[in-house]
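So you can see what is in the structure, the chains are spelled out below.
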Amino acid sequence: MQSIPIERVTLNDFFERCYAQSYPVVITDVVQKWPAFDCWSPEYFVHTMAEKRVQVAYTQEDTFAYQNGEPKYGRANLPLAQALEKVLQTQPDGVRFFLMQQPMASAYPELMDDIRIPDWLDENLITINFWVGSKGAFTPLHFDTEDNFIAQVFGRKRFTLYDPAQLDCLYPNDKTDKYSHLSRVNIAHPDHHAHPQFHHAEPITVTLDAGEMLYLPSHWWHAVQSINVNAMVNFWQQSNDLKLYLENPTGIHSLWYLYQDNLLQSLDGLLDAKNTSFLACAEVMLNRDRQAAVLLAHAGLIDALMRLDLCEGATKKSPNELQNLIGEFYRRGRLSDVDLEKIQNWRFLALQTFTDEVGPADAAAMVDDVKLFLQQL
Ligand SMILES: O=C(O)CCC(=O)C(=O)O
């Protein structure tokens, strides 16, 4: 399959022509201005933080893959100097090491002055990660639910990208899988018998050189190979593209991933910014994907309960404290036995969408009932 070339642009061009298009592009004139571009090297890291203990990933294969909801690679806790020594050389026993997705601000504060947080991102909303990859280390095909700005500081990486609209050719893991944002296709050795549509997928490949930054919009599928020993920093920030979750097949698939992670509550800010609600989205979705409508309606219920709790003076709870929250409302007489039963049934319907189809009448009734319930809450 021929790969589509990717454009290289200046930061000015990026803002004038590219950012709004949600299409991957390489920005050429950002990372070169960072102090890190001049000073980072494996020796510099050892010199700056030799004794710091770090979690380094290792595997017997090239690929840092997952199977049956578990990573197939291990993690060792080592002093940085030792971890880097292992990253620099493939070990005689074939084991490969990768300093993978290290939370930079908390775990590597001494490196923060060497980088520049892009001023078009919101410092309060971003996650910054630091990566040092060994030659050949391979991150298998997956998507993330955030926009990604990937800054290559030294060394090179090859990215293979697929548009989120190509979901049907990319064989994501089942919705129930903890890693449902991963593809089952090993793109280095595709099994065309098991994944016959994969050869229709149209990749975009790009080699990111030292000093370049890749803009990878949220939900774009990507697999990444380290061409040589390299260091990179990436910035994740939630996309402001609500339509993705309501219209795009990968965006819709990601609703189940986010539901497993946080009962969809991470979409709350995006919905507020777009002046809409989970319930309004659920109504729209009934005609497009009623399974997603059920999930959104359930998220709307949770959102309303959490907002009510905040209004009543409680501190913000995490979605996994939901059961306590419901119990608390019940004890205070805010919810009746009938309410509890309804809430339980809606939760079951939401869970049913992971494995079975919810029928059209049940989905429509749930969206209506949750709406009515929230009006009376
Ligand atoms: O660099 C890698 O190996 C993986 C990077 C990645 O998947 C990401 O930044 O989302």
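Residues numbered from 1 in each chain as written. Predicted model: local features only at pLDDT ≥ 70, side-chain atom pairs only at ≥ 80, totals over all residues. Heavy atoms only, no water.

What about the overall build of the protein?
Then, in step 1: Across its full length, the protein holds 14 helices and 15 strands.
Then, in step 2: Relative to its length of 377 residues, the protein is compact, with a C-alpha radius of gyration of 23 Å against a globular reference of 21 Å.
Then, in step 3: Dimensions of the protein, computed from the C-alpha atoms along their principal axes, are close to 65 × 50 × 45 Å.
Then, in step 4: In the protein, which comprises 377 residues, the share counted as buried stands at 52%.
Then, in step 5: The averaged location of the 49 negative side-chain charges in the protein is 2 Å from the averaged location of its 30 positive side-chain charges. (Helix = DSSP H or I, 4+ residues; strand = E, 2+ residues; numbered from the N terminus. Rg over C-alpha atoms; globule rule 2.2 N^0.38 Å. Buried < 20%, exposed > 50% of the residue type's maximum accessible area, 1.4 Å probe, protein only. Lys, Arg positive; Asp, Glu negative; His and termini not counted. Charge placed at Lys NZ, Arg CZ, Asp CG, Glu CD.)

Quick notes on the pairing of strand 15 (residues 230-238)
Then, in step 1: Taking burial as the measure, the nine residues of strand 15 include eight buried ones, the bulk of the element.
Then, in step 2: Alignment of strand 8 (residues 127-133) against strand 15, held across seven bridges, turns out to be antiparallel. Looking across to strand 15, one finds that T127 is bridged to W236.
Then, in step 3: Strand direction decides the pairing type here: strand 10 (residues 146-154) and strand 15, joined by eight bridges, are antiparallel. Of the residues in strand 15, the one forming a bridge with Q152 is M232. (Pairing = 2+ DSSP bridges.)

Some remarks on the site of the ligand
Then, in step 1: Around the ligand, the surrounding shell holds 13 residues, and the nearest of these are T139, D144, N148, K157 and H222.
Then, in step 2: At 2.5 Å, a side-chain N or O of T139 approaches an oxygen atom of the ligand.
Then, in step 3: Contact between the ligand and N148: an oxygen atom at 3.0 Å from a side-chain N or O atom of the residue.
Then, in step 4: Protein burial of the ligand: of its 290 Å² of free accessible surface, 99% is covered by the chains.
Then, in step 5: Taking a 2 Å distance to the grid points as the criterion, the majority of the atoms of the ligand fall inside the largest pocket.
Then, in step 6: Residue assignment for the shell around the ligand shows that the elements contributing at least two residues are strand 9 (138-142), strand 10, strand 14 (221-226) and strand 15.
Then, in step 7: Looking at which element gives the most residues to the shell around the ligand, the answer is strand 15, with three residues.
Then, in step 8: Here the shell around the ligand is composed, by residue class, of six nonpolar, five polar and two charged. (Near = heavy atom within 4 Å. Polar contact = N/O pair within 3.5 Å; in protein donor to acceptor, adjacent residues only side chain to side chain. Areas by Shrake-Rupley, 256 points an atom, 1.4 Å probe, with all protein chains shown as cover. 1 Å grid on protein atoms, 1.4 Å probe; cavity = no way out; pocket = protein on both sides within 12 Å on 5 of 7 lines; lining within 4 Å. Sits in = over half its atoms within 2 Å of the grid points. Nonpolar A, V, L, I, M, F, W, Y, C, P; charged D, E, K, R; others polar.)

Description of the layout of surface pockets
Then, in step 1: In this structure, the largest pocket spans a volume of roughly 830 Å³.
Then, in step 2: Contributions of two or more residues to the lining of the largest pocket are made by strand 7 (96-103), strand 8, strand 9, strand 10, strand 11 (157-162), strand 14, strand 15 and helix 8 (249-262).
Then, in step 3: Taken together, the residues that form the lining of the largest pocket break down as 17 nonpolar, 12 polar and six charged.
Then, in step 4: Roughly 520 Å³ of volume is contained in the second largest pocket.
Then, in step 5: Together, 26 residues line the second largest pocket, and D147, Q238, S239, N240 and D241 are the ones closest to its centre.
Then, in step 6: Elements represented by at least two residues in the lining of the second largest pocket include exactly strand 10, strand 15 and helix 9 (268-273).
Then, in step 7: Looking at which domains feed residues into the lining of the second largest pocket, each of domain 1 (8-238) and domain 2 (263-376) supplies at least three. (Points joined across faces, edges and corners; volume = space filled by probe spheres on them. Domains from an automatic or database assignment.)

Section: the pattern of salt bridges
Then, in step 1: This structure, assessed with the given rule, holds 18 salt bridges.
Then, in step 2: Of the charged contacts, one joins E328 and R331 as a salt bridge, the two residues approaching to 3.3 Å between their closest N and O atoms. Taken together, the residues span about one helical turn, with E328 and R331 both in helix 12 (residues 322-331) at a distance of three residues.
Then, in step 3: On the accessibility criterion, R331 (61% relative accessible area) is exposed. (Salt bridge = Lys/Arg side-chain N within 4 Å of Asp/Glu carboxyl O.)

Examining the packing of aromatic side chains
The geometry of two aromatic rings is summed up by the distance between their centres and the angle between their planes.
Then, in step 1: Within the structure shown, the criterion is met by 30 aromatic pairs.
Then, in step 2: Between F14 and W120, the ring centres sit 6.5 Å apart and the planes meet at 55°, which makes this aromatic pair tilted. Here F14, found in helix 1 (residues 11-18), pairs with W120, found in the loop between helix 5 (104-107) and strand 8; they are 106 residues apart in sequence, far enough to count as distant.
Then, in step 3: When its relative accessible area of 0% is taken as the criterion, F14 is described as buried. (Phe/Tyr/Trp six-rings, centres within 6.5 Å; stacked < 30°, edge-to-face > 60°.)

Let's talk about empty space enclosed by the protein
Then, in step 1: With the rule as written, the count across this model stands at one cavity of 30 Å³ or more.
Then, in step 2: If you add up the space inside the largest cavity, you get close to 30 Å³.
Then, in step 3: What lines the largest cavity is M306, D309, L310, T315, K316 and K317.
Then, in step 4: Classifying every residue of the lining of the largest cavity gives two nonpolar, one polar and three charged.

Structural notes on the sheet that holds strand 11
Then, in step 1: Spatially, four strands are ordered 9-14-11-12 in an open sheet, and the strand pairing comes out antiparallel. What marks the edges here is a single partner per strand, and that holds for strand 9 and strand 12 (204-208). The average angle at which neighbouring strand axes cross in this sheet is 15°, direction not considered.
Then, in step 2: For strand 9 and strand 14, the ladder comprises three bridges, and the chain directions are antiparallel. If you follow F138 over to strand 14, its bridge partner there is Q225. (Axes fitted to C-alpha atoms, helices over the stretch in contact; angles between N-to-C directions.)

Description of the packing of helix 13 (residues 337-355) against helix 14 (residues 360-376)
Then, in step 1: Put simply, helix 13 and helix 14 touch, their axes get as near as 11 Å, and they point 140° apart. Considering their axes alone, helix 13 and helix 14 lie oblique with respect to each other. The two elements helix 13 and helix 14 meet at a crossing, and its hand is left-handed. For the pair helix 13 and helix 14, the contacting residues are D339, K342, I343, W346 and L349 in the first and D362, M366, D369, V370 and F373 in the second. (Parallel < 35°, antiparallel > 145°, perpendicular 65-115°, else oblique. Left-handed = near helix turned anticlockwise from the far one by under 90°. Contact = heavy atoms within 4.5 Å.)

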